[in-house]
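For reference, the chains in residue letters:
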Amino acid sequence: MDRNDRLVGFLGLCRRAGAVTPGFDAAMEKVKAGAAQLVLLAKDCSPKTKKEAEYFCGRRVPVLTLPVEMDSMVHIFKKRVAVLAVSDTNFAAKLRTLLQQQ
């Protein structure tokens, strides 16, 4: 199992646990509410989306780029997703660890 597969599998676990919110608008609502611990961007998200997410999050919420494309997450979220907000502290910490291992 390669590292991207582990990461995508862990994102699926986060979704099943209800710890991740897919979609730009929904994710930014989590950020505004103070519920987001981490915001993740797909590797192929647009520069505009990246810039807006970083602006919304400011210094309060870290924004990291995933090494996977939007199409790789279709089977998890049932749609193409460019932005994810992780609301659980432990899941966010594990995702950071997995991303550092890339």
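Structure's up top.
Notes on the structure follow. These numbers were taken from a predicted model, which means no experiment stands behind them.

**Here's the deal with the packing of aromatic side chains**
The geometry of two aromatic rings is summed up by the distance between their centres and the angle between their planes.
Here is step 1 of the chain: For the structure shown, the criterion picks out two aromatic pairs.
Here is step 2 of the chain: Between phenylalanine 24 and phenylalanine 56 the ring centres are 6.2 Å apart and the planes differ by 80°, which places this aromatic pair in the edge-to-face class. Taken as a pair, phenylalanine 24 in helix H2 (residues 24-33) and phenylalanine 56 in helix H3 (residues 47-57) lie far apart in primary sequence, 32 residues in all.
Here is step 3 of the chain: Take phenylalanine 56: its relative accessible area is 31%, and that puts it in the partly exposed class.

**Brief notes about the pattern of salt bridges**
Here is step 1 of the chain: Counted by the stated rule, this structure contains four salt bridges.
Here is step 2 of the chain: One salt bridge connects glutamate 29 with lysine 32, and the closest N-O pair in it is separated by 3.5 Å. Placement of both glutamate 29 and lysine 32 in helix H2 is noted, with a separation of three residues, approximately one turn of the helix.
Here is step 3 of the chain: The class for glutamate 29 is partly exposed, based on a relative accessible area of 47%.
Here is step 4 of the chain: For the salt bridge of glutamate 52 with lysine 48, the shortest nitrogen-to-oxygen distance reads 3.4 Å. Here glutamate 52 and its partner lysine 48 are both found in helix H3, four residues apart, which amounts to about one turn of the helix.
Here is step 5 of the chain: Judged by relative accessible area, which is 32%, glutamate 52 ranks as partly exposed.

**Considerations on the pairing of strand S2 (residues 38-41)**
Here is step 1 of the chain: Residues Leu38 and Leu40 of S2 are buried on one face, and the alternating residues Val39 and Leu41, pointing to the opposite face, are buried as well.
Here is step 2 of the chain: Across four bridges, S2 lies against strand S4 (residues 83-86) in antiparallel orientation. Paired with leucine 38 across the two strands is valine 86, which belongs to S4.
Here is step 3 of the chain: Relative to strand S3 (residues 63-65), S2 runs parallel, the two being bridged by three bridges. The residue bridging valine 39 from the neighbouring strand is valine 63, located in S3.

**Let's talk about the sheet that holds strand S1 (residues 20-22)**
Sheets are built from strands that pair by backbone hydrogen bonding, the pairs being arranged parallel or antiparallel.
Here is step 1 of the chain: Strands sit in the order S1-S4-S2-S3 across an open sheet of four strands; the sheet is mixed. A strand with exactly one partner marks an edge of an open sheet, and here the two such strands are S1 and S3. Geometrically, the sheet is characterised by an average inter-axis angle of 25° between neighbouring strands, direction not taken into account.
Here is step 2 of the chain: This element, helix H5 (residues 89-100), spans S2, S3 and S4 of the sheet and lies at about 40° to S2.

**Some details on the state of the cysteines**
Put plainly, two cysteines are in a disulfide when a covalent bond ties their sulfur atoms together.
Here is step 1 of the chain: Within this structure, the stated rule accounts for zero disulfides.
Here is step 2 of the chain: This cysteine, cysteine 14, is not joined by any disulfide, and cysteine 57 carries the nearest cysteine sulfur, 17 Å off.
Here is step 3 of the chain: Left without a disulfide partner, cysteine 57 is nearest to the cysteine sulfur of cysteine 45, which lies 12 Å away.
Here is step 4 of the chain: Overall, cysteine 57 belongs to the buried group, its relative accessible area being 0%.

Criteria and thresholds
- Residues numbered from 1 in each chain as written.
- Predicted model: local features only at pLDDT ≥ 70, side-chain atom pairs only at ≥ 80, totals over all residues.
- Heavy atoms only, no water.
- Phe/Tyr/Trp six-rings, centres within 6.5 Å; stacked < 30°, edge-to-face > 60°.
- Helix = DSSP H or I, 4+ residues; strand = E, 2+ residues; numbered from the N terminus.
- Buried < 20%, exposed > 50% of the residue type's maximum accessible area, 1.4 Å probe, protein only.
- Salt bridge = Lys/Arg side-chain N within 4 Å of Asp/Glu carboxyl O.
- Pairing = 2+ DSSP bridges.
- Axes fitted to C-alpha atoms, helices over the stretch in contact; angles between N-to-C directions.
- Contact = heavy atoms within 4.5 Å.
- Disulfide = S-S within 2.5 Å.

In short, the description is geometric, and any link to function would need to be established separately.
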